[in-house]
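Structural characterization, general
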Amino acid sequence: MVRDEAAAARFEQFPVPASVREVLEALVRGGFQAFLVGGCVRDVLRGQAPKDFDVATSARPAEVQRLFKRVIPTGIEHGTVTVVVQGAHVEVTTFRVESEYLDGRRPSKVEFHSDIEADLSRRDFTINAMAFDLVAKRLVDPFGGEQDLRVGLVRCVRDAMERFLEDGLRPMRAVRFATVLGFEVEAQTEAAIGRTLHVFRKVATERVNQEFTRLLLSPRVQTGLTLAARTGLLQVFLPEAEGADFSAPARAREDVSLRLAVLLSGCAGAEAVVQRLKYPNKVAADVGHLVANQHLPGPNATDAELRRWLSRVKAEAAVPVLELAEALGRGDAVIRRRLEAQLAARPPLTTKALALTGAEVMVALGVGPSPVVGQATAYLLERVLEAPAHNTKEGLIRLLEAFPRPG
Ligand code: ATP
Ligand code: MG
């Protein structure tokens, strides 16, 4: 068939790794069916180098284990094993169908099958439900995935309502794929999203987070957020982002913390929101810090004021805050240049950078450990931010003489 030849030509363009080829050939030699499936077929057909090559086979996990010397039972209960050949890892999954979805979460049971079409029929979207037999050079595409790929449509395999009721993450994946690929969500598929939100609501946040992060880091994040809002998904997991300027994240670097800060810049409890979305604590803290410090120094700020600002915001957060302000349309090229000049001069911005240690401050004041030491140190930093030239041992000791001592 012409389609098979066209697909084969595509696979010539993106040579399948020798390790994957060896696994496919060994399975076929062993009397089993073996296909490349899912994301790699989609990516190769649209002329993109795939991230990884997944293999689906009629061989049962135990049969795969018998066929190869080194096999890691990665997800053996779901039919997935990792074959190690030529030093590379190849994921091999037995054809399967999933049944008894509990509440739109993970399937509670998988059933192995000897039929590739059954395996493809459990997959989410037509563009993800194609298989390619590299040995026979045959494309298996029972749901019109190749056609949808050509016209740019994310369409559910079979009935969208049913598929979304089975697994509530799929609507989010539809929006993510549409965003990342620059596709439209097919009308019935999109309509089914709004009608299955009660199932989406039950999906583990970690799973939603993974899809959302890929949407957020896409150059088409604006379209993605608009689609997530239009379908009702955004309201479910991130109501705080509603009313935000969806065009702003795309103006920021493709960094999770920065783009989250842009999206949540108008939100009072941004850190808690990011924590609720199950991002790492570091990401939540960074977003909270960026949002809390989003305002740049005013155009008439003195150099001392710039240093005080840098001391409060912290040197390492200065550039991200500048990027945040720029994405929000509040950038100031002059202030950026002046802040960069200050940073380049490496002025002391923290008590740690003072030329006197805490112990030396105690000696100079003639006191032991006491709150006075902290007050004196803060006083010194304040003076040094005003005039960095003070930051020598002698300079600071001289300043301490003017420090109003208690008692
Ligand atoms: P990516 O490039 O994003 O990794 P992918 O297609 O490889 O894309 P994965 O999440 O790695 O996506 O999933 C691999 C394949 O498994 C998909 O192509 C699809 O066929 C199937 N799949 C994944 N998640 C689901 C799901 N929730 N429901 C049905 N099928 C799914
Ligand atoms: Mg993948």
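Position numbers for residues count from 1 along each chain, tracking the sequence in the order it is written. Following the order in which they are written, the chains are lettered starting with A and the ligands numbered starting with 1. It should be noted that, the model being predicted, local features are given only for residues of pLDDT at least 70 and side-chain atom pairs only at 80 or more, the latter also being counted only at that level, while totals for whole chains, interfaces and linings use all residues. To get the side-chain values, all heavy atoms of the structure are used, and hydrogens and water are removed first.

1. So, empty space enclosed by the protein
Gaps left between atoms are located by rolling a probe of water-molecule size over the structure's atoms. Selection criterion: Of the grid points, spaced at 1 Å and generated over the protein atoms alone, those admitting a 1.4 Å probe that cannot get out make up cavities, while open sets with protein on both sides within 12 Å along at least five of seven lines make up pockets; any residue with an atom within 4 Å of a point is treated as lining. Grid points are joined across faces, edges and corners, and a volume is the space filled by probe spheres set on the points. To qualify as a helix, a DSSP run of H or I must reach at least 4 residues; to qualify as a strand, a run of E must reach at least 2; elements of each kind are numbered from the N terminus. Classes in brief: Ala, Val, Leu, Ile, Met, Phe, Trp, Tyr, Cys and Pro nonpolar; Asp, Glu, Lys and Arg charged; the others, Gly included, polar.
By the definition in use, this model includes one cavity of 30 Å³ or more. Estimates place the volume of the largest cavity at around 30 Å³. For the largest cavity, the full set of lining residues is T205, V208, N209, F212, F237, L277 and Y279. It is helix 11 (residues 205-216) that provides the largest number of residues to the lining of the largest cavity, a total of four residues. The class makeup of the residues in the lining of the largest cavity is five nonpolar, two polar and no charged.

2. Structural notes on the site of ligand 1
For clarity, the cut-off: Consider each residue's heavy atoms; a residue with any of them within 4 Å of a molecule or strand counts as near. Polar contact is defined as a pair of N or O atoms within 3.5 Å, subject to the rule that within protein one atom must be able to donate a hydrogen and the other to accept it, and that residues adjacent in sequence are counted only when both atoms are side-chain atoms. Residue-level accessible areas treat just the shown protein chains as cover; the underlying method is Shrake-Rupley with a 1.4 Å probe. Those molecules having more than half of their atoms within 2 Å of a cavity or pocket grid point set are described as sitting in that cavity or pocket.
Close contacts around ligand 1 come from 14 residues, with R42, D167, R170, R176 and R214 the closest. Here R42 contributes a side-chain N or O atom positioned 2.8 Å from an oxygen atom of ligand 1. For ligand 1, an oxygen atom lies 3.0 Å from a polar atom in the side chain of K51. For ligand 1, whose unbound accessible area comes to 590 Å², protein coverage reaches 78%. Here ligand 1 is seated within the largest pocket. The set of elements that each furnish at least two residues to the shell around ligand 1 consists of helix 3 (39-45) and helix 8 (170-181). Considering every element that reaches the shell around ligand 1, the biggest residue donor is helix 8, with four residues. Residue classes in the shell around ligand 1 are distributed as one nonpolar, three polar and ten charged.

3. Let's talk about the pattern of salt bridges
Stated formally: By salt bridge we mean one thing: a side-chain nitrogen of Lys or Arg within 4 Å of a carboxyl oxygen of Asp or Glu. Throughout this description, buried means an accessible area under 20% of the type-specific maximum (1.4 Å probe, protein chains only), exposed means over 50%, and partly exposed covers the range between.
What the rule picks out here adds up to 28 salt bridges. Between R42 and D43 there is a salt bridge, with the nearest N and O atoms lying 3.1 Å from each other. Each member of the pair, R42 together with D43, is buried. Salt bridges here are not isolated pairs; linked through shared partners, they connect R163, E166, D167, R170 and R207.

4. A look at unusual backbone geometry
Notably, K137 is not glycine yet its phi reads approximately 55°, a positive angle. As for its position among the elements, K137 is in the loop between strand 8 (131-133) and strand 9 (138-140). A relative accessible area of 40% means that K137 is categorised as partly exposed. With a phi angle near 45°, R346 is a residue other than glycine that sits in the positive phi range. Turning to its location among the elements, R346 is positioned in the loop between helix 19 (333-344) and helix 20 (358-365). Judged by relative accessible area, R346 falls into the exposed class, the value being 72%.

Shape descriptors only; they carry no functional weight alone.
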